[in-house]
Amino acid sequence: MGKIIAVANQKGGVGKTTTCINLVAALNKRNRRVLLVDCDPQGNSTSGMGVGKDRMPNVYDLLVSGRAFGECVEHTQFGDVLPSNRELSGATVELVDMESREYVLKTALTPAREQYDYIFIDCPPSLELLTVNALAAADSVLIPVQCEYYALEGIADLMQTIKLTKKTLNPALDVQGIVLTMYDSRTNFSDQVAAEVQKFFGNSVYRTRIPRAVRIAESPSHGMPVIKYDRMSRGSRAYLHLADEFIRREE
């Protein structure tokens, strides 16, 4: 049965979507069956995987209109995608009146568990009903953390949310791990942040650090992960290393 992993951080700009896209693509390259569920109304994971934001039906239709899972999935060379767009922002309002509203995504993804090894959910950068649905559906949470001053503050907020979710909605929810992003080996500050995160979270922190790299930043505008955009770049190698480390931990 496939594992569902929510990629989340309540602080924006930490490389959450970038990590989601590139880790999915790297695992796909390692012959794992992967699905990316874009639960962010901005739809950046959708376009970053080369899928048009106008693709219908999508996650909104899956959650709100009851469309079948198979109808909503887009198959790409980088892995499968449940796409989204700004229409999804209205789902928060429409889900409010639904029975068991926190578990709508979990119910919708149940058939997919048999089809995939790993299902990654790209969460919105805020605590809203879509994020709650993602955490209620997930087996674990992968937390990208930018190597900058307010990094630990962002993690503290998310850990409180995870603790509350475990208590009220999903007792089995666990922390998958912490991924350090936008790491700059030329500065002492990145090392200081990494050391602080390591001190608090120990072995939960992945050894692979994702560098601050131009190719990673450029690749979404071309509608592809960095491992396709420039497979020999530092960013590409880092995400492939992260996928290998992820597989070693999991399998």
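A brief report on the enclosed structure follows. Remember, it's a predicted structure, so these values are computed and weren't measured experimentally.

Considering the packing of helix α8 (residues 151-168) against helix α9 (residues 188-201)
Packing of α8 against α9 leaves a shortest axis separation of 10 Å and a crossing angle of 30°. The angle between α8 and α9 places the two elements in the roughly parallel class. On the side of α8, the interface is formed by A151, L152, I155 and M159, while α9 contributes V193, E196, V197, F200 and F201. Looking at the contact of α8 with α9, its residues break down into 8 nonpolar, no polar and 1 charged.

So, the layout of surface pockets
Considering only enclosed or pocket space, the largest pocket measures out at about 340 Å³ in volume. Along the wall of the largest pocket there are 21 residues; nearest its centre are V14, G15, K16, T18 and M182. Of all the secondary structure elements, the ones that give two or more residues to the lining of the largest pocket are α1 (16-29), β7 (174-183), β8 (205-211) and α10 (214-218). Among the elements that take part in the lining of the largest pocket, α1 stands out by supplying 3 residues, more than any other. The residue makeup of the lining of the largest pocket, split by class, is 10 nonpolar, 8 polar and 3 charged.

Looking at helix α7 (residues 129-137)
Helical periodicity: at 3.6 residues per turn, an α-helix aligns residues three or four positions apart in one direction. Among the 9 residues that make up α7, 9 are buried, leaving the element largely enclosed by the rest of the structure. All of the buried residues in α7 are L129, L130, T131, V132, N133, A134, L135, A136 and A137.

What about the pairing of β7?
Counting buried residues along β7, 7 of its 10 residues qualify, which places the element largely inside the surrounding structure. Summarising the sheet, strand β6 (residues 140-146) and β7 pair through 7 bridges and their orientation is parallel. From the neighbouring strand, Q146 faces β7, where its bridge partner is T181. The parallel pair β6 and β7 is bridged by α8, and the resulting crossover is right-handed. Looking at chain direction, β7 and β8 are connected through 3 bridges and run parallel. For L180, the partnering residue across the bridge sits in β8 and is R209.

Things to note about the packing of aromatic side chains
Tallied over the full model, the rule gives 3 aromatic pairs. Here Y118 and F246 contribute two aromatic rings whose centre-to-centre distance is 5.0 Å and whose plane-to-plane angle is 80°, an arrangement assigned as edge-to-face. With Y118 in strand β5 (residues 118-122) and F246 in helix α12 (residues 234-250), this pair connects stretches of sequence that are 128 residues apart. Each member of the pair, Y118 as well as F246, carries the same accessibility label: buried. For the ring pair F120 and F246, a centre distance of 5.8 Å and an interplane angle of 45° mean the geometry is tilted. You can see F120 sitting in strand β5 and its partner F246 sitting in helix α12, a full 126 residues away along the chain. By the ring-pair criterion, three or more aromatic residues cluster together here, those being Y118, F120 and F246. In this structure, R209 packs its charged tip against the face of Y183, placed 5.0 Å from the ring centre. Its guanidinium or amino end placed over the ring of Y206, R249 lies 4.0 Å from that ring's centre, counting from NZ or CZ.

A word on the pattern of salt bridges
In this structure the tally under the stated criterion is 16 salt bridges. Between R67 and E71 there is a salt bridge whose closest N-O contact spans 2.9 Å. A relative accessible area of 34% means that R67 is categorised as partly exposed. Its relative accessible area of 38% is what places E71 among the partly exposed residues. A salt bridge links R249 to E245, with the shortest nitrogen-to-oxygen separation between them at 3.5 Å. Pair noted here: R249 and E245 are both in helix α12, with a separation of 4 residues, about one helical turn.

As for α8
End to end, α8 covers 26 Å across 18 residues, agreeing with the expected 26 Å (1.5 Å per residue, within 8%). In this fold, the buried residues of α8 make contact with α7, β6, β7 and α9.

Brief notes about the sheet that holds strand β4 (residues 79-82)
Read from one edge of the open sheet, 8 strands run β3-β4-β2-β5-β1-β6-β7-β8, paired in mixed fashion. Since the sheet does not close on itself, it has two edges, and those belong to β3 (74-76) and β8, each with one partner. In this sheet, adjacent strand axes meet at a mean angle of 25° when their direction is disregarded. The sheet strands contacting α1 are β1 (3-7), β2 (34-38), β4, β5, β6 and β7, and the helix crosses β5 at an angle near 165°.

The rules behind these values
- Residues numbered from 1 in each chain as written.
- Predicted model: local features only at pLDDT ≥ 70, side-chain atom pairs only at ≥ 80, totals over all residues.
- Heavy atoms only, no water.
- Axes fitted to C-alpha atoms, helices over the stretch in contact; angles between N-to-C directions.
- Helix = DSSP H or I, 4+ residues; strand = E, 2+ residues; numbered from the N terminus.
- Parallel < 35°, antiparallel > 145°, perpendicular 65-115°, else oblique.
- Contact = heavy atoms within 4.5 Å.
- Nonpolar A, V, L, I, M, F, W, Y, C, P; charged D, E, K, R; others polar.
- 1 Å grid on protein atoms, 1.4 Å probe; cavity = no way out; pocket = protein on both sides within 12 Å on 5 of 7 lines; lining within 4 Å.
- Points joined across faces, edges and corners; volume = space filled by probe spheres on them.
- Buried < 20%, exposed > 50% of the residue type's maximum accessible area, 1.4 Å probe, protein only.
- Pairing = 2+ DSSP bridges.
- Right-handed = clockwise from strand over helix to strand, strands pointing away.
- Phe/Tyr/Trp six-rings, centres within 6.5 Å; stacked < 30°, edge-to-face > 60°.
- Lys NZ or Arg CZ within 6 Å of the ring centre and 35° of its normal.
- Salt bridge = Lys/Arg side-chain N within 4 Å of Asp/Glu carboxyl O.
- Expected span 1.5 Å × (residues − 1).

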